[in-house]
Amino acid sequence: MVQGRHSLLGCVLMASLSSFQSAQISFRLPLIERIRLPCPNPIRGGSEATDHERLFQELLDMSHSTSSLRLRNGERGRGLFTNTSQRKGDTLLRIPLEACIREARHASDEEKSKILSRATTDVEDPEALTWDVRMAIKLLKKTGKLDSDDESEIFWMKYQDLLPRPDTLSQPLCLSPSMLSEFQHSELATGGLMQQRRLRMLFPDLMPAADSADSDYPSNLQWAFACVRSRAFTVTSKKQNATSTDEEDDEFAFVPFLDMTNHGDPNADFFCDRANNYFVLHALTDIPEGREVLISYRAEMCNRIYQALYGFVPQGGNYNDNIEFPDSLKADELMAPLLEQALGLDQPDGEQILSSDPRLNSALMSFPLTIEMPEDGVDGNAEVEKAQKLLDYVTEQRRVMSTTLEEDLSLVTDYTRDPSSLDPRKVSAVHYRIERKRLLDKAMGILQGYIDVLYKSGN
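Residues numbered from 1 in each chain as written. Predicted model: local features only at pLDDT ≥ 70, side-chain atom pairs only at ≥ 80, totals over all residues. Heavy atoms only, no water.

Peer 1: Give a detailed account of the overall build of the chain, specifying residues and quantitative values.
Peer 2: Across its full length, the chain holds 16 helices and 14 strands. Residue burial in the chain is summarised as follows: out of 459 residues, 53% are buried. Within the chain, residue pairs in contact and separated by at least 24 positions form 76% of the contacts whose partners lie at least 6 positions apart. Summed over its atoms, the accessible surface of the chain is roughly 21,200 Å², and 47% of this surface lies on carbon and sulfur atoms. (Helix = DSSP H or I, 4+ residues; strand = E, 2+ residues; numbered from the N terminus. Buried < 20%, exposed > 50% of the residue type's maximum accessible area, 1.4 Å probe, protein only. Contact = heavy atoms within 4.5 Å. Areas by Shrake-Rupley, 256 points an atom, 1.4 Å probe, with all protein chains shown as cover.)

Peer 1: For the sheet that holds strand 5 (residues 101-104), give the residues involved together with the corresponding values.
Peer 2: Taken together, three strands build an open sheet; the order of strands is 5-8-6 and the sheet is antiparallel. In this open sheet, the two edge strands, each paired with only one partner strand, are strand 5 and strand 6 (232-235). Neighbour-to-neighbour, the strand axes of this sheet turn through a mean angle of 30 degrees, independent of strand direction. Relative to strand 8 (residues 251-254), strand 6 runs antiparallel, the two sharing four bridges. (Pairing = 2+ DSSP bridges. Axes fitted to C-alpha atoms, helices over the stretch in contact; angles between N-to-C directions.)

Peer 1: Would you mind going over the nonpolar core in detail, with residue names and values included?
Peer 2: Residues Y159, F254, F279 and L281 are the most contacted members of the largest nonpolar core, which totals 80 residues. Residues in contact with Y159, not counting those within four places in the same chain, are L59, F254, P256, F257, D259 and M260. Grouped together as the second largest cluster of nonpolar side chains are 35 residues, F325, L338, A363 and V384 included. (Core = buried A, V, L, I, M, F, W, Y, C linked by side-chain atoms within 4.5 Å.)

Peer 1: Summarise empty space enclosed by the protein; cite the residues concerned and give the values.
Peer 2: Applying the stated criterion to the full structure yields five cavities of 30 Å³ or more. Of the voids in this model, the largest cavity is the one considered here, and its volume is about 140 Å³. Around the largest cavity, the lining comprises 14 residues; the ones closest to its centre are H185, D321, N322, Y432 and R436. Within the residue set of the lining of the largest cavity, elements represented by two or more residues are helix 9 (303-310), helix 14 (380-399) and helix 16 (424-458). The leading source of residues in the lining of the largest cavity is helix 16, at three residues. Along the lines of polarity and charge, the residues of the lining of the largest cavity split into five nonpolar, four polar and five charged. (1 Å grid on protein atoms, 1.4 Å probe; cavity = no way out; pocket = protein on both sides within 12 Å on 5 of 7 lines; lining within 4 Å. Points joined across faces, edges and corners; volume = space filled by probe spheres on them. Nonpolar A, V, L, I, M, F, W, Y, C, P; charged D, E, K, R; others polar.)

Peer 1: I'd love a proper account of the state of the cysteines, names of residues and values included.
Peer 2: Enumeration over the complete set of coordinates arrives at zero disulfides. There is no disulfide at C100, and the cysteine sulfur nearest it, in C272, is 8.0 Å away. (Disulfide = S-S within 2.5 Å.)

Peer 1: Tell me about the packing of aromatic side chains, and name the residues and values.
Peer 2: Think of a pair of aromatic rings as described by two things: how far the centres are apart, and how the planes are tilted against each other in angle. The full count for this structure, using the stated rule, is 18 aromatic pairs. Judged by centre distance (6.0 Å) and plane angle (75 degrees), the ring pair of F155 and F257 falls under edge-to-face. Here F155 is found in helix 5 (residues 154-159), whereas its partner F257 is found in the loop between strand 8 and strand 9 (262-263), with 102 residues between them in sequence. Overall, the relative accessible area of 10% leaves F155 in the buried class. (Phe/Tyr/Trp six-rings, centres within 6.5 Å; stacked < 30°, edge-to-face > 60°.)

Peer 1: Can you explain the pairing of strand 3 (residues 77-82)? Please cite residues and give values.
Peer 2: Within strand 3, six of the six residues are buried, which leaves it mostly tucked inside the rest of the structure. As paired elements, strand 2 (residues 69-74) and strand 3 share six bridges and run antiparallel to each other. Residue pairing across strands places R72 opposite G79, the latter belonging to strand 3. The turn linking strand 2 back onto strand 3 is made up of two residues.

Spelled out as structure tokens, the structure:
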């Protein structure tokens, strides 16, 4: 059984079915083929990749960091790989805190006024100047992208060459309105536009105007903000599996080198050693020579959050993805025990089916469900009506997506054959909408199958 947020579904699927008797159900939902998605650290080949490997080593020495890793290209794009075999518990990377860009969660009005170059009373919403925006301004200054030569630093001016180029960033906050439409998901696009309005309100001179041309996106501020949001870590004395902007921690840090670690099934973990003022990456398992070192960016994120923070979505389905139903439908709870039986999840292989199909899991967790079975029996017509309302909503969400799944898959195939054929930001949007379409298709299949079963059971 999938752990974490899916424990609720486990309880739902273990509910007693004794109050409901019906014929055995035979339909099953097919698994979907796995696809590859764009990499958070794009692959750069040839001399550029070699130059970056040399720069990585040079900057390690410059910052007095120690590492048993090397920067090179792999199937996830550019990442960190072991130079030699590592044992569980070995230190893989150690970075002094003084080499990091650090920012406290809270700042005084005086500090905010200095960053804004005007009084906070002259700003519509000074509370919008959060730690990540302030860190983005620091990054711009240290990399020499603002008119503040006195605050630029040689290390960061060099390190920016290892960071993503602005024209490869796929976070919605970096994209023009026309590019945002490529996601075919209004909630995701709206979130990106809201972030842009926030930055424009705080620093109008550092942002493209709302009606700017596509070529004006992203600005240096959008680039820096996206880098911070996707690469900053929480500074605590406890080990962390992921970055966090939700917990009340005191400080955050942009940690060079550690930010090059890709997301995946983790074989490494990191923590802040406050006693010795280092960030430490260490092995969770034995890691063979030449193997990529992976961490888990953050637990339990839906694809919308993945795309917003990191500019990519997990491949092959995401157990924590969801379909957002409006409040008006959340009260129409389906009977989980009946749905379980209709899907065949009450059979001996039910747990295996659920754990092997992330989209099935995500769709079920998205539905409003109850394990409470009425003592006087189930009103089949009412259950059909509730399922039909959910199906109508999901069908409409799928209908407004303007391209077909086949067209999207063809675009991905073309890009695989010739990477110059498409803007990588559009490719990221195509991968996002492929995943969304497949989740919606899964939900539609579940709901239509459930309705069909209910009709058969009533006849």
